[in-house]
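# Chains, contacts and geometry: an overview
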Amino acid sequence: MAKITYKNGFELAIKVMYGEDFGLPPMLLDARIEETRKIEELASAIELIESYNNFRGKAVADALREMHNEGLIMSAAFGRENSPVLYVTVPYWTQQRTTSTDEEERRFTPEERKAMTLRIFAILQKVEPDELDLYNEKIRAWWD
């Protein structure tokens, strides 16, 4: 049995979910890890997956960083639904953003949330998911 080395929980989860890429048996074909603050660590773990059909780990990680840096998301979840999947959630309140600081708390207007959603769709379209849609209040990108 191969020994799994990892820097943090995100890397461990990715290596377990995508075992075949790391000399391990594929163990979790339907699993996700979710994060609300340590988006850079999650993105770095996603980069470990070089490719999976049309999925490119580095490109998807960079897209996640872009959404985070622009303050567009309140959480991100990455994993597998057999193939790679990424879920992001648009915040309702300013303090829910993954980049939130000690700013004044206010609710985003419907127009602001719609603009954030459209921007997220534009960013994710660049990484060519096979499916990109809204799913239970989350934006879902899936690569077959």
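Our subject is the structure listed above.
So, how was this worked out
Residues numbered from 1 in each chain as written. Predicted model: local features only at pLDDT ≥ 70, side-chain atom pairs only at ≥ 80, totals over all residues. Heavy atoms only, no water. Helix = DSSP H or I, 4+ residues; strand = E, 2+ residues; numbered from the N terminus. Rg over C-alpha atoms; globule rule 2.2 N^0.38 Å. Contact = heavy atoms within 4.5 Å. Lys, Arg positive; Asp, Glu negative; His and termini not counted. Charge placed at Lys NZ, Arg CZ, Asp CG, Glu CD. Buried < 20%, exposed > 50% of the residue type's maximum accessible area, 1.4 Å probe, protein only. Pairing = 2+ DSSP bridges. Axes fitted to C-alpha atoms, helices over the stretch in contact; angles between N-to-C directions. Phe/Tyr/Trp six-rings, centres within 6.5 Å; stacked < 30°, edge-to-face > 60°. Lys NZ or Arg CZ within 6 Å of the ring centre and 35° of its normal. 1 Å grid on protein atoms, 1.4 Å probe; cavity = no way out; pocket = protein on both sides within 12 Å on 5 of 7 lines; lining within 4 Å. Points joined across faces, edges and corners; volume = space filled by probe spheres on them. Nonpolar A, V, L, I, M, F, W, Y, C, P; charged D, E, K, R; others polar.

Here the focus is the overall build of the protein chain. Counting secondary structure elements, the protein chain contains four helices and seven strands. Traced from its N-terminal end to its C-terminal end, the protein chain shows the element sequence α-β-α-β-β-α-β-β-α-β-β. Whereas a compact globule of 144 residues would reach a radius of gyration of roughly 15 Å, the protein chain reaches 15 Å, a difference of no more than 12%. Along the first, second and third principal axes, the C-alpha set of the protein chain runs to 50 × 30 × 25 Å. Taking as baseline every contact in the protein chain between residues at least 6 positions apart, the subset at least 24 positions apart corresponds to 53%. Taken as two groups, the 19 positive and 26 negative side-chain charges of the protein chain have centres that lie 2 Å from each other.

Before going further, it helps to spend a moment on unusual backbone geometry. If you check the backbone angles, asparagine 53 has positive phi at about 55° while not being a glycine. Within the element layout of this structure, asparagine 53 appears in the loop between β2 (51-52) and β3 (55-56). The backbone of glutamate 128 sits at a positive phi, close to 55°, despite the residue not being glycine. The residue glutamate 128 is located in the loop between α4 (110-125) and β6 (131-135) in this model. For glutamate 128, a relative accessible area of 47% gives the class partly exposed.

Sheet architecture is open: five strands sit in the order β1-β4-β5-β7-β6, paired in antiparallel fashion. Each of the sheet's edge strands pairs with one partner strand only, and the pair in question is β1 (30-35) and β6. Neighbour to neighbour, the strand axes of the sheet diverge by 20° on average, direction disregarded. Of the pairings in the sheet, the one linking strand β5 (residues 83-89) to strand β7 (residues 138-142) comprises four bridges and is antiparallel in character. Residue pairing across strands places valine 85 opposite tryptophan 142, the latter belonging to β7. Here helix α2 (residues 39-46) sits on the sheet and contacts β1 and β4 (75-81); the angle it forms with β4, its principal contact strand, is near 25°.

What follows deals with the packing of aromatic side chains. On inspection of all chains with the given rule, the structure shows five aromatic pairs. Geometrically, the ring pair formed by tyrosine 18 and tyrosine 52 is edge-to-face, given 6.5 Å between the ring centres and 80° between the ring planes. With tyrosine 18 in the loop between α1 (9-17) and β1 and tyrosine 52 in strand β2, this pair connects stretches of sequence that are 34 residues apart. Overall, the relative accessible area of 0% leaves tyrosine 18 in the buried class. Grouped by ring-pair contacts, the aromatic residues Tyr18, Tyr52, Phe55, Phe78 and Trp143 constitute a single cluster. The ring of tyrosine 18 is capped by arginine 80, whose NZ or CZ atom sits 4.5 Å from the centre of that ring.

The next thing to look at is the pairing of β7. When you tally the buried positions in β7, you get four out of five residues, the bulk of the element. Where β6 lies against β7, five bridges are found, and the strand directions are antiparallel. Pairing of leucine 134 across the sheet is with isoleucine 139, part of β7. From the end of β6 to the start of β7, which pair antiparallel, there are two residues, and asparagine 136 there has a positive phi angle of about 50°.

Take the layout of surface pockets next. One water molecule sets the probe size; rolling that probe over the atoms shows where empty space is left. As a volume, the largest pocket reaches approximately 180 Å³. Along the walls of the largest pocket sit Val90, Pro110, Arg113, Lys114, Thr117, Leu118, Leu134, Glu137, Lys138 and Ile139, which together make up its complete lining. For the lining of the largest pocket, the leading source of residues is α4, giving five residues. Considered class by class, the residues forming the lining of the largest pocket number five nonpolar, one polar and four charged.

By themselves, these figures tell us nothing about what the structure is for.
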